Amino acid sequence: MNTVTRPRILVIGAGFAGVECVRRLERKLAPDEADVTLVTPFSYQLYLPLLPQVASGVLTPQSIAISLRRSRKYRTRILPGGAIGVDLKARVCVVRTINDKLVNEPYDYLVLAPGSVTRTFDIPGLTDHAFGMKTLAEAAYVRDHVITQLDLADASDDPAERAARLQFVVVGGGYAGTETAACLQRLTHAAVQRYPRIDPGLIRWHLIDIAPRLMPELGEKLGRSAQEILRRRGVDVSLGVSIEKAGAEEVTFTDGRVVPTHTLIWTAGVVASPLIGTLGAETVRGRLAVTAEMTLPGHDGVFALGDAAAVPDLAKDETGAVCPPTAQHAMRQGKKVADNVIATLRGEPLVPYVHRDLGLVVDLGGKDAVSKPLGVELRGVAAQAVARGYHWSALRTNVAKTRVATNWLLNAVAGDDFVRTGFQAHRPARLKDFEYTNSYLTPEQVRARVEGGAEPES
């Protein structure tokens, strides 16, 4: 007797792109039309743009971690683990499960939305001593670390140690870096009022970037406005500068300055997930080269989107323009890829992705913000209202919206308690420990495993 199996759709990644794709597939596919599997190490979707507010204590971690298992109506199988290699010829994805086993997961249709990881450079000491701001664990860890520095400075009688504990360095003048520096500076400014032995003048925040101005995508005027807000708060903004080397107790800038500090936060951009390097496919600046329909040329049934794919930006007149790696594009690409997967299943024509950018928002904490919705430049309270309104509306569930709104209200009324939880207090962790970038296989290891040859090293 011949057994007819349903087509297997495998979605890699539970970021904005992957989750939007899965939810649309669930809504539009008939129950017996296909099986959908989502590979993710965590059964939640992280609302990444609000991570700086978790680090500063404005929001609780749970409020921006949107559960994928909350509703019983969803029929997607969640495979807890990380995709570490793909054999496009054999149509198999190698997954390292959360209990550290390697599993071969076959597919008929593959949606690659593994997202991105923090971009690092060959700077001595960087990965050993810097913190990132890309995961929920990192944001929670950084908050604990910053408050710990205040406690240690308060407990110390050594002026040099106290000064070093109270200096903080953030590298990266994009959205993540600027918002991180702004939000954490507000945290330390408010917290130090509860430490009578600490001179508030000793607290110094440094924001540095190799670029000539902050957040160039916002335009020169708004970028300058953000820079003025930070400098008014006492943040030392240095442009055209980066890190030469990093140590446990000091950081050396490329302009020769040596800053004694125990806190280096690295937010200098992102690169596509290392999973992309296991495919052996053509890339554009590290991102998969795909068509406007987000298909991978030469490989039927394979789609790629989000931060890991160089999706042509048809809304721009520039030749070779690709969509920037933003949540706004990822969410809309997820829906379009789901439609194109279904169209492929049903033998219908595919539709290219076209979306004109709605604008950018930057929340600097308190009443400070700069925003550019639909090209209109806003500052102050109006910009703050737009920024928070956009983030609130983009949250996928009403539960998440309620939690975030409640957190914002409570923080505005009652402020912060500056609680140090002791999170991993006896297990120091830095940039290299959070994103598991050493877990991926080489194309040769993937092929060897799929063909049943030598097992790749764990």
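Residues numbered from 1 in each chain as written. Predicted model: local features only at pLDDT ≥ 70, side-chain atom pairs only at ≥ 80, totals over all residues. Heavy atoms only, no water.

Looking at an unreviewed UniProt entry, the chain carries the name NADH dehydrogenase, with the source organism given as Streptomyces monashensis. Word for word, the UniProt comment on the chain under Sequence similarities (unreviewed entry) is "Belongs to the NADH dehydrogenase family." (UniProt positions renumbered as here; feature names shortened; annotations may be inferred.)

Explain the overall build of the chain here, please?
Check the secondary structure of the chain and you find 12 helices and 24 strands. Against the globule reference of 23 Å for 458 residues, the chain gives a C-alpha radius of gyration of 23 Å, in line with a compact fold. In terms of overall dimensions, the chain has C-alpha extents of about 80 × 50 × 45 Å along its principal axes. Expressed as a percentage of its 458 residues, the buried residues of the chain come to 51%. Of the contacts made within the chain by residues no fewer than 6 positions apart, 68% connect residues no fewer than 24 positions apart. As displayed, the chain has an accessible area near 21,100 Å², and 52% of this comes from carbon and sulfur atoms. Across the chain, 54 positive and 50 negative side-chain charges occur, with their mean positions spaced 6 Å apart. (Helix = DSSP H or I, 4+ residues; strand = E, 2+ residues; numbered from the N terminus. Rg over C-alpha atoms; globule rule 2.2 N^0.38 Å. Buried < 20%, exposed > 50% of the residue type's maximum accessible area, 1.4 Å probe, protein only. Contact = heavy atoms within 4.5 Å. Areas by Shrake-Rupley, 256 points an atom, 1.4 Å probe, with all protein chains shown as cover. Lys, Arg positive; Asp, Glu negative; His and termini not counted. Charge placed at Lys NZ, Arg CZ, Asp CG, Glu CD.)

Even after reading the chapter, I still don't get the sheet that holds strand β6 (residues 92–97), so can you show me in this structure?
Backbone hydrogen bonds hold the strands of a sheet together, and the pairing may be parallel or antiparallel. Taken together, the 7 strands give an open sheet; going across it, the order is β7-β6-β5-β2-β1-β8-β20, and neighbouring strands pair in mixed fashion. In this open sheet, the two strands that pair with only one neighbour each are β7 (102–106) and β20 (302–304). Taken pair by pair, the neighbouring strands of this sheet meet at an average axis angle of 35°, ignoring direction. With 4 bridges connecting them, strand β2 (residues 35–40) and strand β5 (residues 77–87) associate as parallel partners. Within β5, the residue paired with L38 across the bridge is I78. Taken strand by strand, helix α12 (residues 443–450) contacts β5, β6 and β7, and its axis lies near 115° from that of β5. (Pairing = 2+ DSSP bridges. Axes fitted to C-alpha atoms, helices over the stretch in contact; angles between N-to-C directions.)

Before we go on, may I ask you to explain the domain arrangement of the chain in this structure?
Where interface size is given, it is often the accessible area lost as the parts come together that is meant. Examined at the domain level, the chain breaks down into domain 1 (8–119 + 271–357 + 436–452) and domain 2 (120–268). On the side of domain 2, 16 residues touch domain 1, which itself brings 18 residues to the contact. Between domain 1 and domain 2, the buried area comes to about 1,500 Å², and carbon and sulfur atoms account for 66% of it. When the buried area of domain 1 at its contact with domain 2 is split by residue, A55, T118 and R119 rank highest and sum to 39% of it. Seen at the junction of domain 1 and domain 2, the total is 0 salt bridges. Between the two partners, domain 1 and domain 2, sit 4 residue pairs in polar contact (both at pLDDT 80 or more). Of all the elements in the fold, those that place two or more residues in the side of domain 1 that touches domain 2 are β3 (44–46), α2 (51–55) and β9 (116–118). For the side of domain 1 that touches domain 2, the leading source of residues is α2, giving 5 residues. Each residue belonging to the side of domain 1 that touches domain 2 can be placed in one class, and the counts come to 12 nonpolar, 5 polar and 1 charged. (Domains from an automatic or database assignment. Buried area = accessible area lost by both parts, 1.4 Å probe. Salt bridge = Lys/Arg side-chain N within 4 Å of Asp/Glu carboxyl O. Polar contact = N/O pair within 3.5 Å; in protein donor to acceptor, adjacent residues only side chain to side chain. Nonpolar A, V, L, I, M, F, W, Y, C, P; charged D, E, K, R; others polar.)

I would appreciate a short explanation of the nonpolar core in the present structure.
Burial of nonpolar side chains together is a common tendency in soluble globular proteins. Counting residues in each nonpolar core, the largest one holds 111 residues, and the members touching the most others are I9, I12, L25, I64, V86, L110 and L112. With 8 residues, helix α4 (residues 136–155) is the largest single contributor of residues to this core. For this core, the domains that each give at least three residues are domain 1 (8–119 + 271–357 + 436–452) and domain 2 (120–268). In contact with L112, not counting residues within four places along its chain, are I12, V86, L275, L279, L288, V302, F303, A304 and L305. In terms of nonpolar packing, the next biggest core, distinct from the first, is built from 16 residues, L126, V169, I243 and F253 among them. (Core = buried A, V, L, I, M, F, W, Y, C linked by side-chain atoms within 4.5 Å.)

I would appreciate a short explanation of the sheet that holds strand β23 (residues 369–373) in the present structure.
Spatial strand order, β22-β23-β24: 3 strands in an open sheet with antiparallel pairing. On the outer flanks of this sheet lie β22 (359–363) and β24 (378–379), each paired with one strand and no other. Judged from the 2 bridges that link them, β23 and β24 form a sheet pairing that is antiparallel. When the bridges of β24 are listed, V370 appears paired with R379. Sitting on the sheet, helix α7 (residues 220–233) touches β23 and β24, and the angle it makes with β23 is about 165°.

In this structure, what is going on with the pairing of strand β16 (residues 263–266)? I would like to understand it.
The two faces of a sheet get side chains in turn, since along a regular strand they alternate between them. Burial of β16 is two-sided: the residues T263 and I265 facing one way and the residues L264 and W266 facing the other way are all buried. Sheet topology note: the strand β10 (residues 167–171)/β16 ladder contains 4 bridges and is parallel. Each residue of the ladder has a partner; that of V170, found in β16, is I265.

Looking at this model, I keep getting lost on the side chain of S156. Mind explaining?
Structurally, the position occupied by S156 is in the loop between α4 and α5 (159–165). Judged by its relative accessible area of 7%, S156 falls in the buried class. Excluding its chain neighbours within four sequence positions, the residues that come into contact with S156 are E161, R162 and R197.

Can you help me understand the pattern of salt bridges in this one?
All told, the structure shown has 21 salt bridges when counted by the stated rule. Between R447 and E451 there is a salt bridge; the shortest N-O distance is 3.2 Å. For R447, a relative accessible area of 27% gives the class partly exposed. Overlapping salt bridges bring together R204, D236, D255 and R257 as one network.

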